[in-house]
Amino acid sequence: MRRNATIRGVGVFLAVLLVIGFAADAYAQSFFDSLPSIQGLDSAAFAGDTVITDSTGGVKLADVGNQGNHRVAVKLKDVAPIMVQATVAIEDKGFYTNPGFDLAGIVRAGFDNLKAGHVVGGGSTITQQLAKQQFLTPDQTLSRKFKELALAYELAQAYSKDQIMELYLNKSFYGSQSYGVEAAAESYFNITAAKVDLAQAAVLAGLPQAPTEWNPVLHPDSAKLRQTEVLQAMVRSNFISQEDMDKAVAEKLTYFAPVNHFLAPHFVDYVLSELRQLGFQPGVQQLNVTTTLNYPMQQIGETIVSSNLSANLWRDRRGQLSSGLLAEDPKTGEILVMVGSPDYNANGGQINFTTIPRNMGSSMKPYTYGAVINARAATVDTPVYDGPSPLVYKDAYTTAKIYNYDGKTHGVLPLKKAMGNSLNIAAVKVELSIGVPAVVSYMRNLGVNPRIPLDAGGYRMGNLDEYGPSLTLGGYPITLLEHVGGIATYADMGVYHSPEAVLKVTDSHGKVLYQTHADQRARPALDPAVAFIMAQIMSDDQNRCLIFGCNSALHWKDRTVAAKTGTTDNFKDAVTVAFTPDLAVGLWVGDILSNNYTMVNGSDGVFVASPGIHSFVSQALAGVPGTRWYTAPPGVIAGANNSWFLADTPSVAKLPGDNPPSPTPTPVDYNVPADPGTGPVLASPPPPSPCPSPPPVPPLKCP
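Thresholds, definitions, all that
- Residues numbered from 1 in each chain as written.
- Predicted model: local features only at pLDDT ≥ 70, side-chain atom pairs only at ≥ 80, totals over all residues.
- Heavy atoms only, no water.
- Helix = DSSP H or I, 4+ residues; strand = E, 2+ residues; numbered from the N terminus.
- Buried < 20%, exposed > 50% of the residue type's maximum accessible area, 1.4 Å probe, protein only.
- Contact = heavy atoms within 4.5 Å.
- Areas by Shrake-Rupley, 256 points an atom, 1.4 Å probe, with all protein chains shown as cover.
- pLDDT = per-residue confidence, 0-100.
- Pairing = 2+ DSSP bridges.
- Axes fitted to C-alpha atoms, helices over the stretch in contact; angles between N-to-C directions.
- Parallel < 35°, antiparallel > 145°, perpendicular 65-115°, else oblique.
- Nonpolar A, V, L, I, M, F, W, Y, C, P; charged D, E, K, R; others polar.
- Expected span 1.5 Å × (residues − 1).
- Arc of directions from axis to C-beta.
- Disulfide = S-S within 2.5 Å.
- Core = buried A, V, L, I, M, F, W, Y, C linked by side-chain atoms within 4.5 Å.
- Salt bridge = Lys/Arg side-chain N within 4 Å of Asp/Glu carboxyl O.
- Polar contact = N/O pair within 3.5 Å; in protein donor to acceptor, adjacent residues only side chain to side chain.
- Left-handed = near helix turned anticlockwise from the far one by under 90°.
- Phe/Tyr/Trp six-rings, centres within 6.5 Å; stacked < 30°, edge-to-face > 60°.
- Lys NZ or Arg CZ within 6 Å of the ring centre and 35° of its normal.

> Could you give an account of the overall build of the chain, with specific residues and numbers?
When its secondary structure is counted, the chain shows 21 helices and 20 strands. By residue count, 54% of the 703 residues in the chain fall in the buried class. Here the analysis covers contacts within the chain between residues at least 6 apart in sequence; of these, 75% occur between residues at least 24 apart. Carbon and sulfur atoms make up 55% of the accessible area of the chain, which amounts to about 29,700 Å² in all.

> Mind laying out the confidence of the model for the chain, listing which residues take part and the relevant values?
Overall, the prediction assigns the chain a mean pLDDT of 85, with 83% of residues at 70 or greater. Every residue in residues 668–703 scores below 50 in pLDDT, and together they form 98 contacts with partners more than four places removed in sequence or on other chains.

> Help me get a handle on the sheet that holds strand S4 (residues 321–328), residues and values and all.
Taken in spatial order, the 5 strands make up an open sheet running S5-S4-S18-S17-S16, and their pairing is antiparallel. At either end of the open sheet lies a strand with only one pairing partner, and these are strand S5 (335–339) and strand S16 (562–567). Here the strands of the sheet are splayed against their neighbours by 10° on average, with no regard to which way each runs. As defined by bridge partners, strand S17 (residues 573–580) adjoins strand S18 (residues 583–591) across 8 bridges and the pair is classed as antiparallel. Residue pairing across strands places Val577 opposite Gly586, the latter belonging to S18.

> How would you sum up the environment of Ile90? Please name residues and give values.
Along the chain, Ile90 turns up in helix H2 (residues 81–91). Separated by 116 residues in the primary sequence, Ile90 and Gly206 have C-alpha atoms spaced 7.2 Å apart. Not counting the four nearest positions on each side in its chain, Ile90 is found in contact with Ala205, Arg226, Glu229, Val230 and Ala233.

> Give a description of the packing of H2 against helix H6 (residues 161–171) that names residues and reports values.
Interaxial distance between H2 and H6 falls to 12 Å at its minimum, and their mutual angle equals 85°. Taken together, the axis directions place H2 and H6 in an arrangement best described as roughly perpendicular. On the side of H2, the interface is formed by Val84, Thr87, Val88 and Glu91, while H6 contributes Met165, Tyr168 and Leu169. Taken together, the residues that form the contact of H2 with H6 break down as 5 nonpolar, 1 polar and 1 charged.

> Account for helix H9 (residues 220–236), naming residues and giving values.
Every α-helical turn comprises 3.6 residues, leaving residues that sit three or four positions apart pointing alike. Across its 17 residues, H9 extends 24 Å between first and last C-alpha, which sits within 8% of the 24 Å expected from 1.5 Å per residue. Along H9, the residues classified as buried are Ala223, Arg226, Gln227, Val230, Leu231, Ala233 and Met234. Buried residues in H9, looked at end-on, bunch into an arc of 155°, giving them a common side. Looking at H9, the residues exposed on the side facing more than 90 degrees away from the buried face are Asp221, Leu225 and Arg236. Elements that come into contact with the buried residues of H9 comprise H2, helix H8 (198–205) and helix H10 (242–250). Positive backbone phi, approximately 65°, marks Asn238, located one or two places after H9.

> Talk me through the state of the cysteines; I want residue IDs and the actual numbers.
Using the criterion set out here, one finds 1 disulfide in the structure. Residue Cys545 pairs covalently with Cys550 via a disulfide, S to S 2.2 Å. In this structure, the disulfide formed by Cys545 and Cys550 twists by about 125° around the S-S bond and is classed as right-handed. As far as burial versus exposure is concerned, Cys545 and Cys550 are alike and both buried.

> Give a detailed account of the nonpolar core, specifying residues and quantitative values.
If you look at the biggest cluster of nonpolar residues, it comprises 130 residues, and the most contacted ones within it are Phe579 and Phe616. In terms of residue count, helix H18 (residues 528–539) provides more of this core than any other element does, 9 residues in total. Beyond its immediate stretch of four places on either side in the chain, Phe616 contacts Met297, Ile300, Gly301, Ile304, Leu325, Ala327, Val337, Leu583 and Val585. Counting residues in each nonpolar core, the second largest holds 52 residues, with Leu136, Ala201, Val217 and Ile240 among its members.

> An account of the pattern of salt bridges is requested, with residue identities and associated values reported.
Summed over the entire model, instances satisfying the criterion amount to 16 salt bridges. In this structure, Glu243 engages Lys247 in a salt bridge whose closest nitrogen and oxygen atoms are separated by 3.6 Å. Of this pair, Glu243 and Lys247 both sit in helix H10, 4 residues apart, which is roughly one turn of that helix. If you follow the salt bridges from partner to partner, you end up with Asp329, Lys331, Asp582 and Arg628 in one network.

> So, the pairing of S17: which residues are in play, and what are the values?
Burial analysis of S17 places 8 of its 8 residues in the buried class, which makes it a mostly covered element. Side chains of S17 alternate between two faces, with Asp573, Val575, Val577 and Phe579 and Ala574, Thr576, Ala578 and Thr580 buried alike. Bridge count for S16 against S17 is 6 bridges, and the pairing is antiparallel. Note that in S17 the partner of Thr565 across the bridge is Thr576.

> Got a sec to walk through the sheet that holds strand S14 (residues 512–515)? Specific residues and values, please.
Strands sit in the order S2-S1-S3-S13-S14 across an open sheet of 5 strands; the sheet is mixed. The sheet is open, and its two edges are formed by strand S2 (60–64) and S14, each paired on a single side. Strand-to-strand twist in this sheet, taken as the mean axis angle between neighbours without regard to direction, amounts to 15°. Here strand S13 (residues 502–507) pairs with S14 via 3 bridges, running antiparallel.

> Just give me the short version of the side chain of Asn308, but keep the residues and values in it.
Looking at where Asn308 falls in the secondary structure, it is placed in helix H12 (residues 295–312). Classification of Asn308 by relative accessible area gives buried; the value is 8%. Within the local environment of Asn308, its side chain forms a polar contact with the backbone nitrogen of Gly612, the two atoms lying 3.5 Å apart. If we ignore the near neighbours within four places in the chain, the residues touching Asn308 are Leu587, Val589, Val608, Ala609, Pro611 and Gly612.

> I'd like a rundown of the side chain of Asn421, residues and numbers included.
Within the secondary structure, Asn421 is located in the loop between helix H14 (415–420) and helix H15 (424–434). Accessibility expressed as a relative area gives 2% for Asn421, which makes it buried. In terms of polar contacts, Asn421 uses its side chain to reach the backbone amide nitrogen of Leu546, at 3.0 Å. Contacts of Asn421, omitting those with residues within four sequence positions, involve Asn543, Arg544, Cys545, Leu546, Ile547 and Phe548.

> Lay out the packing of helix H4 (residues 126–135) against H6 in plain terms, naming residues and giving numbers.
Axis separation between H4 and H6 bottoms out at 10 Å; the angle between their running directions is 50°. Between H4 and H6, the angle is such that the two are oblique. Judged by the twist between their axes, the crossing of H4 over H6 is left-handed. Residue-level contacts link Ile126, Thr127, Gln129, Leu130, Gln133 and Gln134 of H4 to Ile164, Met165, Leu167, Tyr168 and Lys171 of H6. Split into classes, the residues belonging to the contact of H4 with H6 amount to 6 nonpolar, 4 polar and 1 charged.

> Tell me about the packing of aromatic side chains, residues and numbers included.
By the definition in use, this model includes 8 aromatic pairs. Ring geometry for Tyr467 against Tyr476: centres 4.9 Å apart, planes inclined by 70°, an arrangement best described as edge-to-face. With a relative accessible area of 6%, Tyr467 lands in the buried category. Geometrically, the ring pair formed by Phe532 and Trp644 is edge-to-face, given 5.0 Å between the ring centres and 90° between the ring planes. Residue Phe532 is found in helix H18, and its partner Trp644 is found in strand S20 (residues 644–646); the two are separated by 112 residues along the sequence. Residue placement shows Lys161 over the ring face of Phe95; its charged tip is 4.9 Å from the ring centre.

Written out as structure tokens, the structure reads:
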């Protein structure tokens, strides 16, 4: 009986195994049947245009994938062997021996991901990367990873290693709109892929994993570090000697910026980056992209950036002056205009100065004053003592001396005039009344992220307590894109919209693949009453006549516009931002060489950047009634002389921490004359030097 029971048990066990085997086989067959076909792959057939248009769809900005040498198929025999070796060393050292995937690498990546608590790597081989680029989406899911492995195995079975390498080199994106190693070699070095040497090959091989961050034209220092990583990997793989590496590291390479004929090229670059973040493959997929760009307004911006820069070149004959302008619709966050530089194809012109950090000077002060009003620490009429001069600030790390732009003090002023006249001493006092960390937090809530420069280059976001009082004076860099988004929050009465460049993406059959929704990118960031009060301060010409004179370029006779200037130490940068209910805009002008190069004394933002902003707003809003302005929202009450107060804080008699001397200095006469109509006049001429103070750390900025 035991023998019969055992036999029956074994029979049942074998039957179960058989059923499981059939089920597993059926599942495996179904899984592999669901995978796309890998047959007939040819690098020459990879091309797929991505057409980018303006917001109307009627103006073609770019045809990516069918522009010159942006995509050039090349046979492996026409690629320098050193380029192949560099790619293998940095991407997949076991390429020639693995079956399409690296099991040990996958295990290592799994442990790294578990340790980090999120996906930091996938241990992908070159064959897996090819499978992902050609057949799959970039989403990080387990299902997608299994498909990637299966496809990689099939590719390894169906194609030789040389065929896979050829496909990969032609498929990969190398930055600067260059798809494939041939296009990249021609773009960066003006040579073919067959002629790249070791140093050049190491630069190119390092690009596919982060083509923007390691772009040698945009980020030469980062590209040099990446080149060194590739060369070290080649030494470890015995492709080159240490002596070869040392020679390659020492070789001075010349990089060529890509030349293209795109309309609004910096904006096109930005759109391409946004498409990749959305998971698309521009220039590979056949896509039709409708953007947010208002092309007629873009043309106005390009003309003004060029003409305004030409009018100021005399201020910086030794250095190299550049400029950028960005405008958005404050009601949606849609980017209407992006002029990254005056000439994309000029030396340094490919750098987008609307998206890289720059010091913005006193144009940052509206965030400080908004934060203080929002904190109920002051009202627009709270008296502020503009003194002493210098104002000495000490903490555990530094001692700083703050001076006003004109080297003078101006007695006791109401807070709105201290801001309007961009008085540095008053601004720092206002900032310290609630503490620098509170102002940083307020800025970040409006999408403005001041950065701390690193000694080795680059920036980082600091902790709230790491920032000093130069914050309000523009001592910490931000991008113009962030700045315009921040003032746009005032322009939309406290609603912040994340910036958007892409309205809609469709495939070649017109099927909608992506569509933006402005409401999903909006969030209440600020009390509308505070935003309204800031708009009133910044639009009232009477608030700035003491320093800037009445009827400066910050004043429009035919419309109401809120505006603020900024100028950095030694006149390195000049900025003006402005907004109405329909438009938020910022214009930056500055020297792009080392800190040894600046504009001449007296090159204040009101003279360098404000005229361009004035012209742009007037032309861009032609036809829009100049009387369009804000209706006072609930929570504000009106006072005399265009003063507005929060209903719950109608009066604050004294700024916290402000101690004017006794007797109190004689107040300034605030009865400024009516508009003379004679153009900008400085009521207080600038001093011989911009900031007559020892250089503080971090550097304090003039208005």
